Structures are given as C-alpha cells and as structure tokens.
Amino acid sequence: MIALDTAATIRAENRGKVAVSATLTADPQRAAPPDRRFQAPVEWTVDGRTARATVHVPDDATRGSHVVVWLDAKGNLVGPRRNSWHAAMAGVSSGATILLAPISGALFFNWAAGRLEGRGHGSRRARYRWRHDHRTREE
C-alpha cells in the first residue's frame, strides 16, 4: 500500500517537471565540505525569461558547457525525475521496518526478562550462600 501511494506521489511530482539546458557561466568549484561534488553558476532561458542558480555539475564541466537542470511547473529549480525504483525501495524499507519492529521488541523483551530473572536467581543464590556460610561458622 505504501509503495502504491509513493508511486502515485512520484508520478504526480514528475508530471510537472521539465528538463532545461543550462549554460555554465563560470568554471566549477568544489562545494564546501563535507560535500565533495562540484558546483557552478548556470543560467537558462524559459519563455523569454533568463534565470540563474548555482547547481552541482560534473567535475569535468567548464565555463560555457551545458548541463540539464529540472524545473517545476512554476519555474523553480527542483531535483530530477524519480522513477519507479524509488517507490519500490520505499515499499521495501517500509516492509522491513514493519517486520523488524516487532521482532526487535520481542528480542529486547526476552533479553530484559532474562536479565531480571538472572538477578532474581543471583539474589537468591547470594542469600543462600550467606545463610549457608553463617550456619557453617556457627556450628
């Protein structure tokens, strides 16, 4: 069910995305750590309007080369289209979580119960030894 919802959401998001060719206006620079990718300012023209942004680019890109940027229906810069693989992975991870949560809870409960039970036996054993040692000394 989750994968189906995710697939529908991905289809809806992808419907409004458009790929546009953008031109690098400067040579790429390495992004600030911890990101190791390269960034460069780019510009593109859609419907007679020019827009600019700084985006991640291949490390071998140079000023004047072209990269693809993705825009939503309002012309805002967005990530590239996602495919059905993303929906499948969302379903698999949700299923794994649903399966592993009760198993993890049961294992934790079993561990905690064992620890409590072990303490109880340990206390009884300690009391028995103490009594046994004192009886032996008195005799």
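## Describing a nonpolar patch on the surface
- A surface patch of nonpolar side chains, amounting to about 400 Å² of accessible area, comprises L99, L100, I103 and L107.
- Given a relative accessible area of 53%, L99 falls into the exposed group.

## Section: the nonpolar core
- In this structure, L24, V42, W44, V57 and V69 are the most contacted members of the largest nonpolar core, which totals 14 residues.
- Elements with a minimum of two residues in this core: strand 1 (18–24), strand 3 (38–46), strand 4 (49–57) and strand 5 (66–71).
- When residues of this core are assigned to their parent elements, the largest contribution, four residues, is made by strand 3.
- Among residues more than four places away in sequence, those in contact with V57 are L24, P28, F38, Q39, A40 and V67.

## A look at the confidence of the model for the protein chain
- Chain-level pLDDT for the protein chain is 80 on average; 77% of the residues reach the 70-or-more range.
- When mean pLDDT is compared element by element in the protein chain, strand 3 scores highest at 93, while helix 1 (residues 2–15) scores lowest at 66.

## A short note on the pairing of strand 4
- In this structure, strand 3 lies alongside strand 4, joined through nine bridges in antiparallel fashion. When the sheet's bridge partners are listed, A40 is paired in strand 4 with V55.

## Description of the pattern of salt bridges
- Enumeration according to the criterion identifies two salt bridges in this entry.
- One salt bridge in this structure joins D35 and R37, with 3.1 Å as the shortest N-O distance.
- Judged by its relative accessible area of 47%, R37 is partly exposed.
- Between E43 and R52 there is a salt bridge, and its shortest N-O distance comes to 3.1 Å.
- We classify E43 as partly exposed; its relative accessible area is 28%.

What counts, and where the lines are drawn
Residues numbered from 1 in each chain as written. Predicted model: local features only at pLDDT ≥ 70, side-chain atom pairs only at ≥ 80, totals over all residues. Heavy atoms only, no water. Patch = residues over 30% accessible without salt bridge, like charges linked within 9 Å, V, L, I, M, F, W, Y side chains within 5 Å. Areas by Shrake-Rupley, 256 points an atom, 1.4 Å probe, with all protein chains shown as cover. Salt bridge = Lys/Arg side-chain N within 4 Å of Asp/Glu carboxyl O. Buried < 20%, exposed > 50% of the residue type's maximum accessible area, 1.4 Å probe, protein only. Core = buried A, V, L, I, M, F, W, Y, C linked by side-chain atoms within 4.5 Å. Helix = DSSP H or I, 4+ residues; strand = E, 2+ residues; numbered from the N terminus. Contact = heavy atoms within 4.5 Å. pLDDT = per-residue confidence, 0-100. Pairing = 2+ DSSP bridges.

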